[in-house]
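The primary structure of each chain is shown beneath.
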Amino acid sequence: MLIPLFLLTSCEKAILGEDEVNDPENNFEILYNDFKVHYALFGVRGIDWDELYTQYRPRVTAQTSDQELWTILTELIKELDDGHTFLYDGDKFGFYSSADDPDATTGDEYSLELLESKYLERPLIHQTEDEEFSYSKVKDLDIGYIYLGSMDDQDPAWIDLVLGELKQHKALILDIRDNGGGTDSFSARVAGAFADGEHFVYTVQNRNGPGYNDFEAPRKFFTKKEGNESFRKPVMILTDINDASATEIFLLHMKAFEDVVQVGDVTGGDFSDSSSRRFLPNGWEYQYSVQKYLLPDGTSLDGVGHIPDVFIKNTVADIQASQDKVFEKALQVLCEDYNIK
Amino acid sequence: MKQLKWPLFILSILLFSQSMYGQKEGVKKEFGITVGINSGYFKDINFSPLNYRQSGPVFGLNYLRTKDNKTHFGIELTAGINSLNSKVTERFKSDYYIGNLRVEYLKRISTEDKKLNWHIGGQFLSSNHFVVYEGLNGFTFNFAHSLGIKGMATCQLSPNISIRSSLSLPLLAYVIRPPYNGFDKTTAENGEKPLKLLTREGDFKSLNKYMLLEWKNQFRYKASDRLDLAFNYNLTFQKVNEDTPLTQLQNQFSISTIFKF
C-alpha cells in the first residue's frame, strides 16, 4: 500500500514536471508563443508577429499588475482585428474580442418586429422560440421572406420545408442580418437548396507547423444541390457587419449562384474556425483562428468581409423611426431590376 | 446507448462463442463487475500547458475463461467519467471520459509450484479518453489501439485467498490525437460523436513514442464456489512523446464481484 500512497501524494512534479509559473511575464510568453506557432492568419491579415513582440514584450515586467497585463494583451490581440480571437478572464475584466469596435453596430439596426408589423403580410412563422428561423411573405408583393438568424441549432433541411411553402413566389428576400455563424456544413446544406450547379467557392487550410507558412494542402469546397426543393428565382440576401464565420461561408456559396444579390452592409470578415479554448496560469482563457480560407483566386476575405452588391445600412434611428432601409432597398432592386410586382 | 451498440455487440459475440467452447471439461469461466475510483495526474499540452489532477469513478465488466489453468482468455471493458482540476482556478474544471477495451490471451509458463503460476501472452488494448471543457469550447482526446505483451503472476495463499499481479506494455500502437492546431473540420463536425473520432487518421507509434505501462494487482477472496470478491489496485502510466506531449498517471482502487460458472 505504500507505493500507491506515495504515488498519490508526492510525485506530481516528478510525473508532470513543474506547473507553469503564474507571473505576468510567463503569462505573456505563453500566450504570445502559442499564437506564434498556431495562429493561422498572420499572412492573410498582414501581421508581423515578431515585430509586435518587440513592441509589447518590454511593457511586461514581474511587477506588471493584472489590469496592466489585461490592457497589454488586449492591445496585442487587437492588432489582429479578428472576431474569432478573444481573451476572457471569467471575472472582473470579462470578455474581449480582437474585433471589438466601439463604433460597431449594437444589433438594434435591425428589428424583426418592425418587419413583421410593417413589411410582411402575415405573421412570421417561427420555427424556433428564439425566432432565428422564420418565414413569411412580403405585403402586396409576390415575394417570400425568410429570416435565418443562425447557422446552427436546427436541422438545415428545414429550408426544404420553407421553400416548399414559398416556391410559388417570384422572388425571395433572405435575411441573414445579425447572424453570427454556426457550422459550415449547415451553411452548405441550406445554400444547396438554392444551388444552380457545382461551383468551386473556396479552399481551407489548417496551420500544421510552427513556421508562419506551415499549412496543410488546401481542401477545395464546392457548391452542391441539396434537398428536394430548389429555388432558382431572384434572391436578395440582406447582410450586416454582425454576419460572420459560417454565415460568411453561406454567402460564399450563395454568391456563386445567378440572380443572388447581396444588399446591406459589409460582413464581419471572420472565416476561420476558432481553436479549442486555451488556458493561462493566471486563470485567463483565450482562442484564436486556426485556418485560412481562400477564394479560388487565392485571395482572402478575412479582415475584409463580403462587400455587398448594393451597399446600404440602417441606423438605430432608422429603426426607431419604423424604417428598414435595407429591406426597402432589396424591394426596390427586385421591383426595378427584376420587374417583380 | 447508441454509441455503445457496437462494443456491446462484439462483446456478446465473444461471450457467446466462448460459452460454446466452455462446455468442455477443465474450462472455467467467470464474469466480473468492478466499481472503483481513479486518482491521478494529467497533462496534455494539446489541451493546456497546466498540470491537472484527475479523479472520479470507474466501472468495469470483465469476462475470463481459463482452461486447466493453462490458458487465460479475457475481455475487459472499462468506462468512467472523471474530473480534471487545475490548481489555477475551479473554472478550468473539465470532464474526462474513459472508454477502454482489452482482449488478452495468456499461456501459463510451466512451474512445479502449484501455488504460484506465471502466465505470459499478448493483448489488444483500446485505451481511449476524451476531455471536454465547457461544452466543447475546449477539448482534447487520445485514442490508442495497441498490441502488446502482458505477464501475470498468481499466487494461491490459502484455499480461499489468492493474489495476482500483472504488468503489460504495448509494443505497437495506433494513436489518434487532435491535429497540430488542436482543431479541424473532422473534429468540429464529430465533436459530439467521440466514437466517430475513433476512426479518424492517426499514427503508428512504438515504445519510444507511446507508452502505456499498466501494473494491476488483485487480492481475491473466494466467498463460495460461485462467487469471489476482490480488491484491486491498478497503476497506469501513459506517455505520448510528440511536440505536444501527453503525460498521465492514474491510480485506481476498485472492488470486484466475480461470478464463476
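Scroll up to find the structure this text is about.
Residues numbered from 1 in each chain as written. Chains lettered and ligands numbered in written order. Predicted model: local features only at pLDDT ≥ 70, side-chain atom pairs only at ≥ 80, totals over all residues. Heavy atoms only, no water.

**Q** I tried to follow the sheet that holds strand β7 (residues 200-206) of chain A on my own but got confused; where do I start?
**A** Within a sheet, neighbouring strands are paired by backbone hydrogen bonds and run either parallel or antiparallel to one another. All names here are of chain A. Taking strand neighbours across the sheet as the criterion, the three strands line up as β8-β7-β13 in an open arrangement whose pairing is antiparallel. Strands with a single pairing partner mark the edges of an open sheet, and in this sheet they are β8 (219-222) and β13 (291-294). Adjacent strand axes in the sheet meet at a mean angle of 25°, parallel and antiparallel pairs treated alike. Taken together, the four bridges between β7 and β8 define a ladder with antiparallel strand orientation. Opposite Thr203, over in β8, you have Lys220 as the bridge partner. Of the strands in this sheet, β7, β8 and β13 are in contact with helix α9 (residues 246-254), which crosses β7 at around 145°. (Pairing = 2+ DSSP bridges. Helix = DSSP H or I, 4+ residues; strand = E, 2+ residues; numbered from the N terminus. Axes fitted to C-alpha atoms, helices over the stretch in contact; angles between N-to-C directions. Contact = heavy atoms within 4.5 Å.)

**Q** Help me understand the interface of chain A and chain B in this model?
**A** A common measure of how large an interface is: the accessible area buried when the components associate. Across the boundary between the two partners, chain A contributes 46 residues, which contact 37 residues of chain B. Buried area between chain A and chain B, summed over both chains or domains, comes out near 3,500 Å², and the portion from carbon and sulfur atoms is 57%. Here chain A is connected to chain B by four salt bridges. Across the chain A-chain B interface, the total number found is 14 residue pairs in polar contact (both at pLDDT 80 or more). For the side of chain A that touches chain B, the secondary structure elements donating two or more residues are α1 (2-10), α2 (12-16), α3 (24-38), α8 (184-192), β11 (278-279), β12 (285-287) and β13 of chain A. Sort the elements by how many residues they give to the side of chain A that touches chain B and α1 of chain A lands first, with six residues. Grouping the constituent residues of the side of chain A that touches chain B by class yields 18 nonpolar, 16 polar and 12 charged. (Buried area = accessible area lost by both parts, 1.4 Å probe. Salt bridge = Lys/Arg side-chain N within 4 Å of Asp/Glu carboxyl O. Polar contact = N/O pair within 3.5 Å; in protein donor to acceptor, adjacent residues only side chain to side chain. Nonpolar A, V, L, I, M, F, W, Y, C, P; charged D, E, K, R; others polar.)

**Q** Teacher, can you tell me more about the pairing of strand β7 (residues 161-176) of chain B here?
**A** Sheet faces and side chains relate simply in a regular strand, where the side chains alternate between the two faces. All names here are of chain B. Pairing analysis gives 15 bridges linking strand β6 (residues 138-158) to β7, with the strands arranged antiparallel. Opposite Leu147, over in β7, you have Leu172 as the bridge partner. Taking the residues between adjacent antiparallel strands as the criterion, β6 and β7 are bridged by two residues. The pairing of β7 with strand β9 (residues 210-222) spans eight bridges and is classified as antiparallel. Directly across from Leu167, in β9, lies its bridge partner Trp215. As paired elements, β7 and strand β8 (residues 203-206) share four bridges and run antiparallel to each other. Across the sheet, Ala173 pairs through a bridge with Lys205, a residue of β8.

**Q** How do you make sense of α9 of chain A when you look at a structure like this?
**A** For an α-helix, the turn length of 3.6 residues means that residues three or four places apart are oriented alike. Within α9 of chain A, nine of the nine residues are buried, which leaves the element mostly enclosed by the surrounding structure. Within the sequence span of α9 of chain A, burial applies to Ala246, Thr247, Glu248, Ile249, Phe250, Leu251, Leu252, His253 and Met254 of chain A. (Buried < 20%, exposed > 50% of the residue type's maximum accessible area, 1.4 Å probe, protein only.)

**Q** What is the right way to look at the pattern of salt bridges in this model?
**A** Note that side chains of opposite charge can pair when their charged atoms are close. All names here are of chain A. Scanning the model with the defined rule gives 33 salt bridges over all chains in all. The closest approach of N and O atoms between Arg177 and Asp175, which form a salt bridge, is 2.9 Å. The class of Arg177 is buried, set by a relative accessible area of 1%. The exposure class assigned to Asp175 is buried, which follows from its relative accessible area of 0%. Each of Arg45, Asp82, Asp270 and Asp302 takes part in one network of salt bridges that share partners.

**Q** How should I be thinking about unusual backbone geometry in this particular structure?
**A** Most peptide bonds take the trans configuration, and most residues that are not glycine carry a negative phi. Residues and elements named next belong to chain A. In this structure, Ser245 takes a positive phi of about 60° despite not being glycine. Tracing the chain through its elements places Ser245 in the loop between β9 (235-239) and α9. For Ser322, which is not glycine, the phi dihedral falls at a positive 60°. Here Ser322 lies in the loop between α10 (316-320) and α11 (325-337). Ser322 sits in the partly exposed class, given a relative accessible area of 35%.

**Q** Explain the nonpolar core here, please?
**A** As a rule of thumb, soluble globular proteins bury nonpolar side chains together. The biggest cluster of nonpolar side chains holds 38 residues, and the ones touching the most others in it are Phe28, Phe35 and Trp49 of chain A. Of all the secondary structure elements, the ones that give two or more residues to this core are α3, α4 (49-56) and α5 (66-78) of chain A together with β5 (116-133) and β6 of chain B. Sorting elements by how many residues they give to this core places α5 of chain A first, with six residues. When near neighbours in sequence (up to four residues on either side) are disregarded, Trp49 of chain A contacts Tyr32, Phe35, Lys36, Phe42, Leu76, Leu80 and Tyr212 of chain A. (Core = buried A, V, L, I, M, F, W, Y, C linked by side-chain atoms within 4.5 Å.)

**Q** Could you clarify how one ought to interpret α3 of chain A in this entry?
**A** All names here are of chain A. With 15 residues, α3 extends 21 Å between its outermost C-alpha atoms, agreeing within 8% with the 21 Å of an ideal straight helix rising 1.5 Å per residue. What α3 keeps buried is the set Pro24, Asn27, Phe28, Glu29, Ile30, Leu31, Tyr32, Asp34, Phe35 and His38. In this structure, the buried residues of α3 make contact with α4, α5, β1 (86-88), β11 and β12. Its side-chain oxygen 3.1 Å from the backbone nitrogen of Glu25, Asp23 forms the N-cap of α3. (Expected span 1.5 Å × (residues − 1).)

**Q** Explain the packing of aromatic side chains here, please?
**A** Two aromatic rings, taken as a pair, are described by how far apart their centres are and by the angle between their planes. The tally for this structure, following the rule as stated, stands at 39 aromatic pairs over all chains. Seen in terms of ring centroids, Phe133 of chain A and Trp158 of chain A are 5.4 Å apart; in terms of plane orientation they differ by 75°. Their pairing is edge-to-face. Taken together, the positions of Phe133 of chain A in strand β4 (residues 133-137) and Trp158 of chain A in helix α7 (residues 158-166) put the pair 25 residues apart, joining distant regions of the chain. For Trp158 of chain A, a relative accessible area of 4% puts it in the buried group. Geometrically, the ring pair formed by Phe42 of chain B and Tyr96 of chain B is edge-to-face, given 5.7 Å between the ring centres and 80° between the ring planes. Taken together, the positions of Phe42 of chain B in strand β1 (residues 27-44) and Tyr96 of chain B in strand β4 (residues 94-109) put the pair 54 residues apart, joining distant regions of the chain. (Phe/Tyr/Trp six-rings, centres within 6.5 Å; stacked < 30°, edge-to-face > 60°.)

**Q** Just to check I follow, could you spell out the packing of α4 of chain A against α5 of chain A for this structure?
**A** When two helices pack together, their arrangement is given by the angle between the helix axes and by the axis-to-axis distance. All names here are of chain A. It is at 11 Å that the axes of α4 and α5 come closest, and there the two elements cross at 155°. One finds that α4 runs roughly antiparallel with respect to α5. Handedness of the α4/α5 crossing: right-handed. The segment α4 lies against α5, with Trp49, Leu52 and Tyr56 engaging Ile72, Glu75 and Leu76. Per-class residue counts for the contact of α4 with α5 are five nonpolar, no polar and one charged. (Parallel < 35°, antiparallel > 145°, perpendicular 65-115°, else oblique. Left-handed = near helix turned anticlockwise from the far one by under 90°.)

So far we have only geometry, and geometry alone does not tell us how the molecule works.
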